[in-house]
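# Structural features, examined
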Amino acid sequence: MSTTRAIINARLVDPASGQDGPGGVLIEDGLIAQTGSELDLDAADEVIDAKGRILAPALIDLRCAKEPALTPDGETVDTLCASAMTGGFGTIVLAPNARSPLDKADGFAGMNRGLAQRGVRVLSACGATQGLAGEQMAEIGLMVRGGAVYAGCGDAPIHDTRLMRRLLSYTSQFDIWLASRPADAHLAQGTVALESDWSARYGLPSEPAVSERIAIERDAALAELSGGKLMIDRLSTAAGLDALRHVRSRDLEIAATVAVAHLTLNEVDAGGLDSAFRMDPPLRSEADRLALVEALVSGEIDAVVSDHRPTPFDDKGEPFALAIAGTLSLETMLGAMLGLVHDGEVELIDALRVMTSGPADLLGLPQGRIAVGAPADLILIDGDKPWVCQPDAFASARGNSAWSGRRFQGRVLQTLVAGDTLYNS
Amino acid sequence: MSRAEFSYDFPHRHLVSVADLNPVDIQIIFERAAHHLAANRTPDKRSEVLRGLTVLNLFFEASTRTQGSFEMAGKRLGADVVNFAMASSSASKGESLSDTARTLAAMKPDIMVVRHSATGAPQFLAERTGLAVVNAGDGMHEHPTQALLDSFTLSQRWDSVGGRRILIVGDILHSRVARSNIGLLNILGAEIRLCAPPTLLPSDVDQWGCDVFHDLDEALKGCDAVMALRQQRERMSGGFVPSEREFFHLFGLTHDRLEAASPDVLVMHPGPMNRGVEIHTKLADDPEMSVILDQVESGVAIRMAILELIGANIRKEAAA
C-alpha cells in the first residue's frame, strides 16, 4: 500500500534503540520513514493521534503451533493469525512439535510461500530429526532453502549425544540456530512435573531441576566442539540459568528463550491439579520464576516465546498427569508480561525487548524495531486497560488457556504489519 | 471426648484425600466402622441403609481386593453395586475421561468409587460429574480408605493411635498407601518413621513431618507398629534396588529384627504381599504379631462407614 500514515503523540518505546519517550512515526510504503516528535506530516494521508498510548514494535514469537491441516475444529493458519494479530504479534514462527514435526523437505518451500500471504508474517522452523524421533537427521539443508528460519527438536530432548553433536555440526554450515529443549532425556522421561515438595506430595512423576543443567552443560560442550549455534529452547529453572551463565563465560554462540508461562506462573498455580497448567517443560517453583525474571531484566534472556499450543479439548479431557501439555498464549502473552511491569518486576522496555528486537536479532530480521528503513510492524497499546481472559472470546479456534479467568491490565489497540492495520480493537 | 458433646455431623460427600478430614470426622468414621465390624461377624450382616442408592465401582486399574471390599461393603448396606472394569472398556477406545465421566453420570449412579493410575483422577471425575466420589487409589497420590482401615485396625488394639511410634518401611516413593497413611497418622498425632533406600524415598520427604531412616534396625527401635510396603513394580521404570534378596536382607521384616521394637509390636501390610521380599513368611503368618488379616476385615467395615456417611449426606441433599 502506498498510503502514507503517521502515528503521533505516543509514548514511543523502542527496545532496540533504548528509546522510551514521547514520539511517533511516519510510515511510507510499508516502511518507517521518520521517527521522533517532529514528523513531516504534510505528506501523511492519515494521522493517528495516539495520545496516552504506547507505540512499540509489533511482537515477534519464535515458538508457536497450529494443528495439523484438516484437524476437525482445529487451529488453522487463519485462526492462528487472527489470534496472533489480536495479541499484538506481527511475526510468528511455527515450531516443530510431535503433531506437526515439520520434518519433510517436500512441499516445505510451498508451505512457506503460502504462509507469506497471511498479513501476519508467518515463518517456519524445521524439525531437526525425522519425525522428531531423535534418531535420523531430517533434510535440514533443503528445508533451510525452503525458508526454515531455524531447526528445532520439539519437546523431547535429543538423548543421543553423538547425534546432538552431529546436528550442531551439520546446522553450523547454514548459520542457523539449533533449538533444543534443555532436559536430560532419561531424567525427563515420563515426567509431568518438577521434582519438588508439591509434586512429591501428589505423587506425580517428576523431573529434577538439574536435568536442565545437565542438558545445557552437555549441549554447550557439544556446541563448543562442533561450532554450532545452540538455542536453549525454553529455559525454565534457576539450575538451568546457573548452567547458562557458566557456559556463556566461554566464547560460544548460545541463545536462550523462556516461555511466557514460566515467567508468569509457577507449579502451585496448578493447585488442585488443574489440567490447564500441564505444560512441557512443567511449571517450576516460584524461586525459579523469580530467577528467570531477574535474568530477563539483566539481559540474559534473548527472547520470550508464547509456546502457544492448541489442544483438542478445552478442558483437555483428562486429569493432570494424563493431560496433553500446553496452553494457548498468543492472545494473553502481552497481558501476562504487562502484569510483570505493573507489579514492578520489570520495566516496560525490558519486557518488550524480549518480544521484539530480542527475537528479531536472533533470526536477523529487520522488523522488531522502530528505526528509519525498518518494516512498519507496530503496535499501539493501552497500557492500563483492564480486561479478563475469557477463552470463549479468543480468536483462536481452541480454548485451552492457563490464564483463563485471569485479570490483565493493558491491551493491544492496533496491530500494524508493513504499515497496514491488521487488527483494530 | 465423645462427639455427642458437639452437634457435628460428618460433612463430606467425597473422600478424595485424607487431608479433607479432621480428627472428629475420623472419629465418626471409626465409630461407624466399629459398629459394622461387629455386625459383620454375625450371620445378620445386611442392612438397608443404602437401599435405593447405586454405587458404581470404576476401576481403571486392575484390583481384586479393594474392588471386592467396596463391593461387599456396598451390598451389605443394601446399595445396588455395579462394577465397571474400565481398563477393558471405553478407555481403550480413545474416549477422554471427561466423556466417560459424563456418560456414566447420565446413568444416574449416586456414588462413584474410583481407582485410576493418574494422580487427581477422582477429583477430576468429581468436578466433571458432580457425583459423590470415593478415591480407591489414584496413581502414587492417595488411597484414603486404606489409611483409614490401617489406623482403625490399630485403634482396635490400642486406645489411641496418637503418641504411638509407627514405622513405614519399603517403597515409599511409589506408594499412595504411604502418602495417605502419613497424612492420616499426622492428623491423629502419631510419631511416624519412614525407612527405605534413598532411591525409594521422595526427594523432599524430610519435610513431611516424619523421621527418615535408611537402617531398618535403627528405625525399628521402640516402634509400636510397623507397616511393610511392597515394591510397586507397575509404577517403576528401571531398577531402584539391585535385587529382591538384597532388599530383603537390608529392609525385610523378620522376627529377629523386630526384637528392637516394642514387645507388643504389630506388623501390618496393605497387600498384596511378597513373602521373602519385604516380609519373612513366618512373620506374616504369626498371629501374635501380624494384623494383616485384621486389616482386610477392617477394610470392609471402614468402606461401609464411608459409604454410609456419604450416602446419608446424599439423602440429606436430595431432601433439601
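The model shown is predicted, which means the values in this text are computed figures rather than measured ones. (Residues numbered from 1 in each chain as written. Chains lettered and ligands numbered in written order. Predicted model: local features only at pLDDT ≥ 70, side-chain atom pairs only at ≥ 80, totals over all residues.)

## Concerning the overall build of chain B
A count of helical and extended segments in chain B gives 10 helices and nine strands. Expected size for 320 residues packed as a compact globule is a radius of gyration near 20 Å; at 20 Å, chain B falls within 12% of this value. When its C-alpha atoms are laid out on the principal axes, chain B stretches across 55 × 50 × 40 Å. Scored against the burial criterion, the 320 residues of chain B give a buried share of 51%. Considering only intrachain contacts with a sequence separation of at least 6, the fraction spanning at least 24 residues in chain B is 77%. (Helix = DSSP H or I, 4+ residues; strand = E, 2+ residues; numbered from the N terminus. Rg over C-alpha atoms; globule rule 2.2 N^0.38 Å. Buried ≥ 20, exposed ≤ 12 C-beta atoms within 10 Å, placed from the backbone. Contact = placed C-beta atoms within 7 Å.)

## Concerning the overall build of chain A
Each helix and strand in chain A was counted, giving 13 helices and 18 strands. For chain A, the C-alpha radius of gyration of 21 Å lies close to 22 Å, the compact-globule estimate for 425 residues. Dimensions of chain A, computed from the C-alpha atoms along their principal axes, are close to 65 × 45 × 45 Å. Expressed as a percentage of the 425 residues in chain A, the buried residues total 59%. The contacts of chain A with a sequence gap of at least 6 include a subset with a gap of at least 24, amounting to 74%.

## Observations regarding the domain arrangement of chain B
Residues and elements named next belong to chain B. Along its sequence, chain B is organised into domain 1 (3–139 + 299–319) and domain 2 (144–289). The interface is formed by 20 residues belonging to domain 1 together with 14 residues belonging to domain 2. When residues of the side of domain 1 that touches domain 2 are traced back to their parent elements, those giving at least two are α1 (23–40), β4 (132–138) and α10 (292–319). Looking at which element gives the most residues to the side of domain 1 that touches domain 2, the answer is α1, with five residues. Its residues assigned to classes, the side of domain 1 that touches domain 2 comprises 12 nonpolar, five polar and three charged. (Domains from an automatic or database assignment. Nonpolar A, V, L, I, M, F, W, Y, C, P; charged D, E, K, R; others polar.)

## Description of the sheet that holds strand β1 (residues 54–59) of chain B
The strands making up a sheet associate through backbone hydrogen bonding, with each pair oriented either parallel or antiparallel. All names here are of chain B. Judged by pairing direction, the sheet is parallel, and its four strands sit side by side in the order β2-β1-β3-β4 without closing on themselves. The open sheet is flanked by β2 (80–85) and β4, the only strands paired with a single partner. Averaged over all adjacent pairs, the angle separating strand axes in this sheet is 15 degrees, with direction ignored. The sheet contact formed by β1 and strand β3 (residues 111–116) spans five bridges and is parallel. Bridging across to β3, V55 finds its partner in I111. (Pairing = 2+ DSSP bridges. Axes fitted to C-alpha atoms, helices over the stretch in contact; angles between N-to-C directions.)

## Considering the domain arrangement of chain A
All names here are of chain A. For chain A, the assigned domains read domain 1 (5–55 + 376–385 + 407–424) and domain 2 (57–363). One C-alpha centre belongs to domain 1, the other to domain 2, and the line joining them spans 29 Å. Among the elements of the structure, β1 (5–14), β16 (378–388), β17 (407–417) and β18 (420–424) are those that each provide at least two residues to the side of domain 1 that touches domain 2. For the side of domain 1 that touches domain 2, the element with the most residues is β17, which contributes eight residues.

## Side note on the nonpolar core
All names here are of chain B. Counting residues in hydrophobic clusters, the biggest one holds 241 residues, and the most contacted among them are V169 and V226. Per-element tally for this core: the top contributor is α10, with nine residues. The residues touching V169, leaving out its near neighbours within four places in the chain, are C195, A196, L216, A219, V226, A228, L229, F251 and L253. (Core = buried A, V, L, I, M, F, W, Y, C linked by C-beta atoms within 7 Å.)

## Details of the sheet that holds strand β5 (residues 165–170) of chain B
Residues and elements named next belong to chain B. If you walk across this open sheet you meet the five strands as β7-β6-β5-β8-β9, and the pairing is parallel. Looking at the sheet topology across the chains shown, the edges are occupied by β7 (211–213) and β9 (266–268). Shown here is a sheet whose adjacent strand axes are inclined to one another by a mean of 20 degrees, direction ignored. As paired strands, β5 and strand β8 (residues 225–229) are joined by five bridges and run parallel to one another.

## Let's talk about unusual backbone geometry
Of note, the bond from D280 of chain A into P281 of chain A is cis; its omega dihedral lies within 30 degrees of zero at -10 degrees. A cis amide bond links G271 of chain B to the next residue, P272 of chain B, at an omega of -10 degrees. Within the chain, D29 of chain A stands out as a residue other than glycine whose phi angle is a positive 55 degrees. Tracing the backbone through its elements, the reader meets D29 of chain A in the loop between β2 (19–28) and β3 (31–36).

## Comments concerning helix α4 (residues 121–129) of chain B
All names here are of chain B. Among the residues of α4, A121, P122, Q123, F124, L125 and A126 are the ones counted as buried. For α4, the secondary structure elements touched by its buried residues are α3 (97–105), β3 and β4. After α4 finishes, the residue G130 shows a positive phi value of roughly 75 degrees.

## Re the packing of α3 of chain B against α4 of chain B
All names here are of chain B. Viewed as axis vectors pointing N to C, α3 and α4 meet at an angle of 55 degrees, and their least axial separation amounts to 9 Å. Viewed along their axes, α3 and α4 adopt a mutual orientation that is oblique. Helix-helix and strand crossings are classified by hand; for α3 and α4 the assignment is right-handed. Residues L97, S98, A101, R102 and A105 of α3 form the contact with α4, whose participating residues are A121, F124, L125, R128 and T129. Classifying every residue of the contact of α3 with α4 gives six nonpolar, two polar and two charged. (Parallel < 35°, antiparallel > 145°, perpendicular 65-115°, else oblique. Left-handed = near helix turned anticlockwise from the far one by under 90°.)

## Here's the deal with the pairing of strand β13 (residues 229–232) of chain A
Residues and elements named next belong to chain A. Alternating positions in β13 separate into two faces, K229 and M231 on one and L230 and I232 on the other, with burial throughout. Of the strand pairs in this sheet, strand β10 (residues 177–180) and β13 are connected by four bridges, and their pairing is parallel. Residue L178 lies in a different strand from β13, and its bridge partner there is L230. Assessed by its sense of winding, the connection that carries the chain from β13 through helix α8 (residues 238–248) to strand β14 (residues 254–259) is right-handed. (Right-handed = clockwise from strand over helix to strand, strands pointing away.)

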